[in-house]
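The chain contents come next:
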Amino acid sequence: SQMKPATVMDLKVEAVPVDEPPPLQVFAHMSTLHGIAHIFSYDRITARCCLWLLFFLSSVAFLLCVCVDRVLFYLEYPHVTKLDEVVAPSMVFPAVTICNLNAFRFGRVTRNDLYHAGELLALLNSRYEIRDVHLIEESVLEALKTKADFQNFKPRPFNMLEFYNRTGHDIRDMLLACQFRGSPCRPEDFKVVFTRYGKCYTFNSGETGPLLVSMKGGMGSGLEIMLDIQQDEYLPVWGETDETSFEAGIKVQVHSQDEPPFIDQLGFGVAPGFQTFVSCQEQRLMYLPPPWGNCKANPLDSDFFSSYSISACRIDCETRYLVENCNCRMVHMPGDAPYCTPELYKECADPALDAPTFSRHFLVERDNDYCMCDTPCNATRYSKELSFVKIPSKASAKYLAKKFSKSEKYIADNVLVLDVFFEALNYETIEQRKAYEVAGLLGDIGGQMGLFIGASILTILELFDYLYEVAKYKLCRCSDKKDQNNSADHGTVLGLDDVKCHVSNFH
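Residues numbered from 1 in each chain as written. Predicted model: local features only at pLDDT ≥ 70, side-chain atom pairs only at ≥ 80, totals over all residues. Heavy atoms only, no water.

### Quick word on the state of the cysteines
Per the counting criterion, the structure on display carries 6 disulfides. Paired through a disulfide, Cys178 and Cys185 show a sulfur-sulfur distance of 1.6 Å. Across the S-S bond linking Cys178 and Cys185, the dihedral sits near -90°, which makes this disulfide left-handed. We note that Cys178, like Cys185, is buried. Cys49 carries a free sulfur, and the closest cysteine sulfur to it, the one in Cys50, is 6.8 Å from it. (Disulfide = S-S within 2.5 Å. Buried < 20%, exposed > 50% of the residue type's maximum accessible area, 1.4 Å probe, protein only.)

Structure below.
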């Protein structure tokens, strides 16, 4: 059959009907929101409706106040600190770094050393002459005169690292006895490490063998060493310098294997003539990153250290500072920059790192921008309790003098004993935790909504759904009225172009 062509009369535009939303009174009685059914009643407005409206608005106001308070409290990012004590069957023994307070043995200083570093060590003046002769003992003066005779002397190349390494105290000479958990230990168990005190030694660094563990707490379960500090090898002191010390003894730092020793700042002193007991307890610290805390979560951006610690950050910072300002680095600093000469040590490096000088203040003032050393998010530290007893006793002085072929006075002036052990086989955990999280915030707001207006998330969705239906209905009605006005102005018959458009769309 042949299709009948469409005519103008056959084309009618029909509007899609839009359902009218229920009246406000009906929605109020159907809603799960408490109270509004009494406000929007079917009867005329009464005093009862007004009272319900007042109570409802008051509840909403209280709800908003409480919600604002909870949100502001959340934005403070509060945290709490949890302290716990954990018993362990065994624990890794810490690294123990020891440094003799005297950096250079006088007997190992050569004429070439004295020529290059004599002024740095305050032994010679700028004219290569012995200074303060009246303060020198006769035996020391004779040796010094021989070494300071530079007539017909041809200086050889000089390197500060080689100087520190050669003249520093040797652990094989200092170590008189050593035991760990009752078993003997050897000088080879101590790794050489350089600090601002010069040549130092670290026991249980993890680089000379597997990490040692303690199986129980108390004395006898840790490290016990007897040392000879060799005071007769101490460099004569006739002036105040950073490379010489007024004290006699050793400096000790108990630290984790993951952080380098920072012994000049964090170490404690041990004096000759005493046995020092160091009772340790391991503390494992866990801090929160911003905005809840101030710890540094990202690894250290350093060419020198793989793991972040405050010690590593400070050494890294001081190294960069010296390389930029002095074009060299100290012996204890990592990197590949050239070592500072004795002249640069005295004129640039030492003043740059000394607190009383302007340069040190400059470094401290620039810390916020130049050297941000935040607390690591995970760290291990060791709390310590120190106690002392006199050594040797009058009863043992003769025996020790005979055993080590020294005089009783030498034993009293030079020998010390150091005991490092765990107080008990447990460790403390100090952990920061978030005090208020999103779940707590939502729970508080939900609870307050239920208390004040009896609402929940679904109730809020009900309100939005009703408002959406009302808005849609209003917009459609406005659109329909506009279309009717346009039809009245231009007529209801469709034009030829409109017919063609409809027909083409139909086909």
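### Things to note about helix α5 (residues 138–147)
Note that an α-helix has 3.6 residues per turn; residues three or four places apart therefore point the same way. If you check which residues of α5 are buried, you get Val140, Leu141, Leu144 and Lys147. Buried residues along α5 cover an arc of 125° about the axis, so they all sit on one side. The exposed set on the far side of α5, more than 90 degrees from its buried face, consists of Glu138, Ser139 and Thr146. For α5, the elements touching its buried residues are α4 (111–117). (Helix = DSSP H or I, 4+ residues; strand = E, 2+ residues; numbered from the N terminus. Arc of directions from axis to C-beta. Contact = heavy atoms within 4.5 Å.)

### Some thoughts on a negative patch on the surface
On the surface, Asp84, Glu85, Glu385 and Glu423 cluster together into a patch of negative charge. Within the secondary structure, Glu385 is located in strand β13 (residues 378–390). Judged by relative accessible area, Glu385 falls into the exposed class, the value being 54%. (Patch = residues over 30% accessible without salt bridge, like charges linked within 9 Å, V, L, I, M, F, W, Y side chains within 5 Å. Areas by Shrake-Rupley, 256 points an atom, 1.4 Å probe, with all protein chains shown as cover. Salt bridge = Lys/Arg side-chain N within 4 Å of Asp/Glu carboxyl O. Lys, Arg positive; Asp, Glu negative; His and termini not counted. Charge placed at Lys NZ, Arg CZ, Asp CG, Glu CD.)

### Observations concerning the nonpolar core
With 37 residues, the main nonpolar core has Leu114, Met160, Phe163, Leu322 and Tyr345 as its most contacted residues. Residue assignment for this core shows that the elements contributing at least two residues are α4, α5, α6 (160–167), α9 (310–326) and α10 (342–353). The greatest single-element share of this core, amounting to 5 residues, is contributed by α10. (Core = buried A, V, L, I, M, F, W, Y, C linked by side-chain atoms within 4.5 Å.)

### Describing the packing of aromatic side chains
What the rule picks out here adds up to 20 aromatic pairs. Both rings, one in Phe158 and one in Phe163, keep their centres 5.3 Å apart while their planes meet at 50°; by these two values the pair is tilted. Phe163 matches Phe158 in its accessibility class, with the two residues each being buried. Between Phe180 and Phe203, the aromatic rings sit 5.8 Å apart at their centres with planes inclined by 50°, giving tilted as the arrangement. Of this pair, Phe180 sits in strand β4 (residues 175–180) while Phe203 sits in strand β7 (residues 198–203), and the two are 23 residues apart along the sequence. Of the two residues, Phe180 and Phe203, neither departs from the other in class, the shared state being buried. (Phe/Tyr/Trp six-rings, centres within 6.5 Å; stacked < 30°, edge-to-face > 60°.)

### Focus on the sheet that holds strand β10 (residues 250–255)
Across the sheet, 5 strands lie side by side as β6-β7-β3-β10-β11; this open sheet has antiparallel pairing. At either end of the open sheet lies a strand with only one pairing partner, and these are β6 (190–195) and β11 (268–270). For this sheet the average axis-to-axis angle between neighbouring strands, irrespective of direction, equals 35°. Pairing of β10 with β11, which is carried by 3 bridges, proceeds in the antiparallel orientation. Its bridge partner being in β11, Lys251 is matched across the sheet by Gly269. (Pairing = 2+ DSSP bridges. Axes fitted to C-alpha atoms, helices over the stretch in contact; angles between N-to-C directions.)

### A short note on the confidence of the model for the protein chain
Detailed reading of the predicted coordinates is not advisable wherever pLDDT is low. Looking at the protein chain as a whole, its pLDDT mean stands at 85, while 87% of the residues score no less than 70. This stretch, residues 6–16, has a pLDDT under 50; its non-local contacts, to residues over four places away or in other chains, come to 6 contacts. Counting interchain partners and residues more than four positions distant, the pLDDT-below-50 stretch residues 355–363 has 19 contacts. (pLDDT = per-residue confidence, 0-100.)

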